[in-house]
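Here is what each chain is made of, one letter per residue.
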Amino acid sequence: MSTIKQRFTVIIEKEDNGYVSLCPELDIASQGDSIEEAKDNLKEAIELFLKFGSPSEIKNRLKSEIFIMYH
């Protein structure tokens, strides 16, 4: 059985004494005490959502186009 890998955007920003991570394609956020922990926690949250979320909820939340621009 082959596994399909999908890549998601991860945005991490410093907030107070920790870091907040966001996946804009699924509108899922997490946090951690370090950048690595925030990234790992977000990865786990995404995996759980994709595993246990209903197909209709995943389809409704999944954005196919995300544009990141710097100004």
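Details of the structure are given in the entry above.
These figures come from a predicted structure and were not determined experimentally. (Residues numbered from 1 in each chain as written. Predicted model: local features only at pLDDT ≥ 70, side-chain atom pairs only at ≥ 80, totals over all residues. Heavy atoms only, no water.)

## So, the overall build of the chain
Basically, it comes down to this: Think of it this way: any DSSP run of H or I at least four residues long counts as a helix, any run of E at least two long counts as a strand, and we number them from the N terminus. Partly exposed describes any residue whose relative accessible area lies between the buried limit of under 20% and the exposed limit of over 50%, with all areas from a 1.4 Å probe on protein chains only and scaled to the type maximum.
Check the secondary structure of the chain and you find two helices and three strands. Listed by position from the N terminus, the elements making up the chain come as β-β-β-α-α. Summarising its shape, the C-alpha atoms of the chain cover approximately 40 × 30 × 20 Å along the three principal directions. Burial status across the chain gives 24% buried among its 71 residues.

## Here's the deal with the pattern of salt bridges
For clarity, the cut-off: In the sections that follow, a salt bridge refers to a side-chain nitrogen of Lys or Arg positioned within 4 Å of a carboxyl oxygen of Asp or Glu.
As enumerated under the stated definition, the model contains three salt bridges in all. One salt bridge connects Lys 39 with Glu 36, and the closest N-O pair in it is separated by 3.2 Å. Taken together, the positions of Lys 39 and Glu 36, both in helix 1 (residues 35–52) and three residues apart, correspond to about one turn of that helix. Exposure remark for Glu 36: the relative accessible area of 45% places this residue in the partly exposed category. If you follow the salt bridges from partner to partner, you end up with Glu 36, Lys 39 and Asp 40 in one network.

## Things to note about the sheet that holds strand 1 (residues 11–15)
Spelled out, the test is: Pairing between strands requires that DSSP locate at least two bridges from one strand to the other. Helix axes are fitted only over the stretch in contact, all axes being lines through C-alpha atoms; the angle between N-to-C directions runs from 0 to 180 degrees. Contacts are residue-level and defined by heavy atoms, with any inter-residue pair within 4.5 Å sufficient.
The strand order 1-2-3 describes an open sheet built from three strands, whose pairing is antiparallel. A single partner strand is all that each edge strand has here, and the edge strands are strand 1 and strand 3 (28–32). The mean inter-strand angle of the sheet, taken between neighbouring strand axes irrespective of direction, is 25 degrees. Both strand 2 (residues 18–23) and strand 3 contribute to a ladder of five bridges, which runs antiparallel. Residue pairing in the sheet places Cys 23 in a bridge with Ile 28 of strand 3. Sheet contacts for helix 1: strand 1, strand 2 and strand 3; angle to strand 3, the most-contacted strand, approximately 145 degrees.

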